Amino acid sequence: MTAGIATTTPGGFLLVLAVLLPVAGIILSFATGGRHAGQITLGLTPFGSAVACAIAFRVGQSGKPVFYAIGGLPPPLGIALRADGISAVMLVATAAILTAAAFYAREKFAARDVRESRSALTFWILLQAIWAALTIIFVGSDLFNLYVALELLTFAAVPLVCIDGRPETLAAALRYLLFALFGSISYLLGVALFYGAYGTLDIPLLAQRVQPTPVVWTAAALITGGLLAKTALFPLHLWLPPAHANAPAAASAVLSGLVVKGSFFLTLRLWFYVLPALPTGQVAAALGGLGSAAVIVGGVLALRQARLKLLIAYSTVSQIGYLFLIFPLAAGAHAWSTIGWSAGLMQVLAHAFAKAAMFLSAGVLAEAVGHDQIAKLVGAARVLPLTFLTIALGGLSLMGLPPSGGFSAKWLMLQASVASGQWIWSLPILTGGLLAAGYMYRILTPALSDGEISMESAPRRYQETIAFVLVMIALALGFAPQAFFDFIEIGRPLAGEGPS
Amino acid sequence: MSLLPFLDIGLAFLVVTVACSTIITRDLFAAVVGYVAYGLLLAFVWIRLHAPDVALTEAAVGGGVTGVLLITAGKRLAAIKKAAPEAHPTTTLKLLTGALAALLACALAAAILMLPDVPPSLAPEAAAAASGPGAGLGNPITAVLISYRSFDTMLEKVVLILAVVGVWSVGADKAWGNPPAPLGRPGPYPAMVFLAQVLVPIGALIGIHVFWVGADAPGGAFQGGALLAAMWMVAMMARLGEPPRIDARWLRLALIAGPAVFLIIGLAGISIAGSFFAYPPGFAKPIILFIETFMVLSIAVALPMLVAGPPSEGNRP
Amino acid sequence: MTPSTLAGLAGAALVGLGLYGLVLHPHPLRKLLAFNLIGSGVFLVFGIVARRGAAAGLSFDPVPQAMVITGIVVAFAASALAVALILRLYSESGRVTLDPDAWTRPGPEDAK
């Protein structure tokens, strides 16, 4: 039945290590108290990044996914971890952005004196918990294990939203929690039906056994619905803008850049890894339709925002819509499916880095000027040149202009939509680009105009530099070689087969 | 016995009716009490489903501790301010939502009825593994939780820690380090004190017993830990003990004891038994009991802290 | 009609009831209660899957039951977090509403 499933491939232990490092960090931080939590987190970031790179190296070297059966007990009774091309890429991106956010925020959440402080302990533990949860999401191969990881991610992200305690952040956090819990329970119900139908929750095993029955469609609908609520796809996007806009800058960067990508990643796992053998054409079109609506609605709402951070948050709603175009554009085993797949992954990465950079820059700006009202940012570009350069370059990627990862992603999407004859998807891609140009223009016009703006405090150079490095990575993604696109195909099943 | 089908139908009907009343009633307190009753009835349903472990957990955590959480929440909410009159939803919205909910329930019922006639199951694999990684354990659920799917359980302990951190983080900055508000009313309340003095020792013994026999019979770390947690909460409600300061060293260590021991033994597995989270053959049961002891400690401390809430600023009654 | 089927249908009914309560009740604690109802309905579905999986000398499939135990504890932790947020929101603002527009003011002090 499951002939050929080994219990582990070389380097498999790295997968467990990648999860256990941040977990150990959480335990240590909680035990030693808030005074050391920051040091523990910052100290672990190089190790976490090294493990992520090592995993990517192993996957690339062997050309096959890295596999580890925990406890030496393979599925279906045991739990397995499996890192393929997209897992490795997301692990590296997570390491990079979380490290950047950690160093950006090290002053704000540093332990001030001998006594432990609330924000110091909380922030660092939550950051490490996000790292652990995302790692499991990217390498997990068991649907219930992924449920526990999703819950961990929710419990880590929600208190980050309200970490500064203002009432509007509390309301936003509560709304986020309710949407996320609704999403989790819907996901769990789908998992129950899958288990009831096939007796296993391991992704490769399920893919071998799954048939297009009503039970499977119900389960898939429930899981997808839950994940869409967590990814804030239109029309379930209402919780995102207040939550991401009111969180501290480092938290917003992680929330918009990484956390929403986690549940999106699981949607990919469901439709491209568990159910590729099923006729998914209509579902793909429906998801693409919702994505298009998100692109346009998010873009239009972003144009109307008065606050910079809210504008960036609505931009996230819009860019998340692009992600769902991967479903119609990468479906099946056609020649253009590879292009669609590359486009989707490139969009995930480019948006993660660009958005994180923009939120970090908005944080520098708000700290320096004292507010983030766009209309009052007259002449700000002159006093904060590096920050506005970062914002402008981030906007370049969001608009989809060369050279940037965003351009690469949208160009590939257009290619795939033309090659597959699905011309309709080019409409939201182009409209979204125009809308992005519109809201970037809104940000940059007052900033570049003549005028004096009063500064409350000097911007921190290291924070500006961190944001700049992130946006340069987003741009550098535009030059990704073919090897990169081959890499993210590793382990991806084609339609009609299970995962290798 | 021909009476059982009627019992089952009656039980199912009762459960749904009590749940209905929980949703429909206007008073928050009545709804929470209804929910606790519902939890206890559900425990009976679980027993009819041959799931005594789950019945214990549902009665202890799902009905009991959640009930205490919600009642405490209702009391604290009422104490802060008079509730403003709520906007009641319009009849159209009620009808629409009712239709949607009914549709979903029917779709779900249909899916359940369409589950395969020959149900797939991992029971054979679990029975087979009882001679290997689950050796010595008479309770297959404990084997699944702490041996076959131990990664899930360890992660779940981390989730509990995160919940505690999240609950604490909601407190005010200047209250950090203080203990949470007391769980009970001020002043000596003799009936409560008497109940606590009698119940807590007995309950604690039962809790330890339920944990210890959980390796071979229904029970285990979660159930035993929940009982111990309940006993601590009873003591706090009778004001025989107060919630501790949240920066107390012993509290922090007790909370992370479970996941830490799990993590260390899991990591050690690679040198001792060849794989992370593997146990050396023949030593599975003692190692599992060792891990479970610390898990019981963590659960017994975490659940009351979650109910007690964030650190409070002053002396609140 | 076996106990499993009955319990499964009861679980479906509970999910529907809970959803009704979740959407309709304006008060967040009532929403939380309804959410817990949905959760217990979902666990019942796991439970009937476990009961139907009786085989090899066991009268149940232990894997779904273990998942339910994990799920119950996680659901409680979620409820505790939600309660903490609700109580804090009420004490900070004096009202319990999830409408974020209730907080919008064109204030200058925003997150850094």
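Residues numbered from 1 in each chain as written. Chains lettered and ligands numbered in written order. Predicted model: local features only at pLDDT ≥ 70, side-chain atom pairs only at ≥ 80, totals over all residues.

**Topic: the overall build of chain A**
Thought 1: Along the backbone of chain A there are 20 helices and two strands.
Thought 2: Seen through its C-alpha atoms, chain A measures out along the principal axes to roughly 70 × 55 × 40 Å.
Thought 3: Classification of the 500 residues of chain A by burial places 68% in the buried group.
Thought 4: For chain A, long-range pairs separated by at least 24 residues make up 80% of all intrachain contacts whose partners lie at least 6 apart in sequence. (Helix = DSSP H or I, 4+ residues; strand = E, 2+ residues; numbered from the N terminus. Buried ≥ 20, exposed ≤ 12 C-beta atoms within 10 Å, placed from the backbone. Contact = placed C-beta atoms within 7 Å.)

**Here we look at the overall build of chain B**
Thought 1: Scanning chain B from N- to C-terminus turns up 11 helices and zero strands.
Thought 2: Across the 317 residues in chain B, those meeting the buried criterion constitute 52%.

**Thoughts on the interface of chain B and chain A**
Thought 1: Listed per partner, the contact involves 46 residues of chain B and 44 residues of chain A.
Thought 2: Going through the elements one at a time, helix 4 (91-113), helix 5 (123-129), helix 7 (150-169) and helix 10 (249-272) of chain B are the ones with two or more residues in the side of chain B that touches chain A.
Thought 3: With 13 residues, the top contributor of residues to the side of chain B that touches chain A is helix 7 of chain B.
Thought 4: Classifying every residue of the side of chain B that touches chain A by side-chain character gives 31 nonpolar, eight polar and seven charged. (Nonpolar A, V, L, I, M, F, W, Y, C, P; charged D, E, K, R; others polar.)

**A look at helix 1 (residues 4-24) of chain B**
Thought 1: If you check helix 1 of chain B, its first and last C-alpha atoms are 30 Å apart, about what 21 residues at 1.5 Å a residue would give, namely 30 Å.
Thought 2: What helix 1 of chain B keeps buried is the set D8, L11, A12, V15, V16, A19, T22 and I23 of chain B. Each buried residue of helix 1 of chain B lies within a common arc of 120° when the element is viewed along its axis, so the set occupies one face. Exposed side of helix 1 of chain B, more than 90 degrees from the buried face: F6, G10, F13 and T17 of chain B are the residues found there.
Thought 3: Buried residues along helix 1 of chain B sit in contact with helix 2 (28-48) of chain B together with helix 1 (3-24) and helix 2 (28-52) of chain C. (Expected span 1.5 Å × (residues − 1). Arc of directions from axis to C-beta.)

**Digging into the domain arrangement of chain A**
Often, the extent of an interface is quoted as the loss of accessible area upon association of its parts.
Residues and elements named next belong to chain A.
Thought 1: Here chain A is partitioned into domain 1 (9-141), domain 2 (145-278) and domain 3 (282-487).
Thought 2: The C-alpha-based centres of domain 2 and domain 3 are spaced at 22 Å.
Thought 3: Listed by partner, the interface residues are 19 residues for domain 2 and 25 residues for domain 3.
Thought 4: If you tally residues by element for the side of domain 2 that touches domain 3, the top one is helix 10 (residues 249-274), at 10 residues.
Thought 5: For the side of domain 2 that touches domain 3, the class distribution of residues is 12 nonpolar, six polar and one charged. (Domains from an automatic or database assignment.)

**Notes on unusual backbone geometry**
Thought 1: For the peptide bond that leads from P75 of chain A to P76 of chain A, omega is 10°, which places it in the cis range.
Thought 2: One can find P76 of chain A in the loop between strand 1 (66-69) and strand 2 (80-83).
Thought 3: The linkage connecting P402 of chain A with the following residue, P403 of chain A, adopts the cis geometry, with an omega of -10°.
Thought 4: If you check the backbone angles, R239 of chain B has positive phi at about 60° while not being a glycine.
Thought 5: Along the chain, R239 of chain B turns up in the loop between helix 9 (221-237) and helix 10.
Thought 6: With 18 C-beta atoms packed within 10 Å, R239 of chain B lands in the partly exposed category.
Thought 7: Phi is positive for F277 of chain B, which is not a glycine, with a value near 65°.
Thought 8: For F277 of chain B, the location among the structural elements is in the loop between helix 10 and helix 11 (284-308).
Thought 9: F277 of chain B gets classed as buried once you count the C-beta atoms within 10 Å, which come to 29.

**Concerning the nonpolar core**
Thought 1: With 385 residues, the main nonpolar core has I55, I97, I130, L152, F353 and L470 of chain A together with L81 of chain C as its most contacted residues.
Thought 2: Contact partners of I130 of chain A, with chain neighbours within four places excluded, come to L153, A156, A157, V254 and V259 of chain A. (Core = buried A, V, L, I, M, F, W, Y, C linked by C-beta atoms within 7 Å.)

**Quick word on the interface of chain B and chain C**
Thought 1: Chain B puts 77 residues into the contact, and the matching count from chain C is 67 residues.
Thought 2: Among the secondary structure elements, those contributing two or more residues to the side of chain B that touches chain C are helix 1, helix 2, helix 3 (52-80), helix 4, helix 5, helix 6 (140-148), helix 7 and helix 11 of chain B.
Thought 3: By residue number, the principal contributor to the side of chain B that touches chain C is helix 3 of chain B, which donates 15 residues.
Thought 4: Of the residues that constitute the side of chain B that touches chain C, the class distribution is 54 nonpolar, 12 polar and 11 charged.

**Quick notes on the packing of helix 10 of chain B against helix 11 of chain B**
Residues and elements named next belong to chain B.
Thought 1: Interhelical geometry of helix 10 versus helix 11 gives an angle of 150° and a closest axis separation of 8 Å. Taken as axis vectors, helix 10 and helix 11 run roughly antiparallel relative to one another. When you trace helix 10 past helix 11, the crossing you get is left-handed. Counted together, L251, A254, L255, A257, G258, P259, V261, F262 and I265 of helix 10 and I287, I291, F294, M295, L297, S298, I299, V301 and A302 of helix 11 form the full contact between these two elements.
Thought 2: A per-class count over the contact of helix 10 with helix 11 returns 16 nonpolar, two polar and no charged. (Axes fitted to C-alpha atoms, helices over the stretch in contact; angles between N-to-C directions. Parallel < 35°, antiparallel > 145°, perpendicular 65-115°, else oblique. Left-handed = near helix turned anticlockwise from the far one by under 90°.)

**Brief notes about the packing of helix 1 (residues 13-32) of chain A against helix 4 (residues 118-139) of chain A**
Residues and elements named next belong to chain A.
Thought 1: Between helix 1 and helix 4, whose axes approach to 9 Å, the crossing angle comes to 160°. Considering the angle they form, helix 1 stands roughly antiparallel to helix 4. Considering only the axes of helix 1 and helix 4, their crossing is left-handed. Contacts between helix 1 and helix 4 involve L15, A18, V19, P22, V23, G25, I26, S29 and F30 from the first element and W124, I125, Q128, A129, W131, A132, T135, I136 and V139 from the second.
Thought 2: Class assignment of the residues belonging to the contact of helix 1 with helix 4 gives a composition of 14 nonpolar, four polar and no charged.

**Quick look at the environment of S59 of chain C**
Thought 1: Tracing the backbone through its elements, the reader meets S59 of chain C in the loop between helix 2 and helix 3 (62-93).
Thought 2: Assessed through the 13 C-beta atoms surrounding it within 10 Å, S59 of chain C is described here as partly exposed.

**Some details on helix 5 (residues 143-161) of chain A**
Thought 1: Along its 19 residues, helix 5 of chain A runs 27 Å from first to last C-alpha, staying within 8% of the 27 Å computed at 1.5 Å per residue.
Thought 2: Among the 19 residues in helix 5 of chain A, 19 count as buried, and that is most of the element.

**Points about the environment of G71 of chain C**
Thought 1: Here G71 of chain C lies in helix 3.
Thought 2: For the pair G71 of chain C and G39 of chain C, spaced 32 residues apart in sequence, the C-alpha to C-alpha distance is 8.5 Å.
Thought 3: Setting aside its immediate chain neighbours within four residues, G71 of chain C contacts L188 of chain A together with F43 of chain C.

**Section: the pairing of strand 2 of chain A**
Residues and elements named next belong to chain A.
Thought 1: The alternating pattern of strand 2 places A80 and R82 on one face and L81 and A83 on the opposite face, and all of these are buried.
Thought 2: In this structure, strand 1 lies alongside strand 2, joined through four bridges in antiparallel fashion. Note on strand 2: the bridge partner recorded for F67 is R82. (Pairing = 2+ DSSP bridges.)

**Notes on the environment of L311 of chain A**
Residues and elements named next belong to chain A.
Thought 1: Secondary-structure assignment places L311 in helix 12 (residues 308-323).
Thought 2: With 63 residues separating them along the chain, L311 and I374 place their C-alpha atoms 9.3 Å apart.
Thought 3: Aside from chain neighbours lying at most four places away, what touches L311 is A302, Q305, I374, Y439 and I443.

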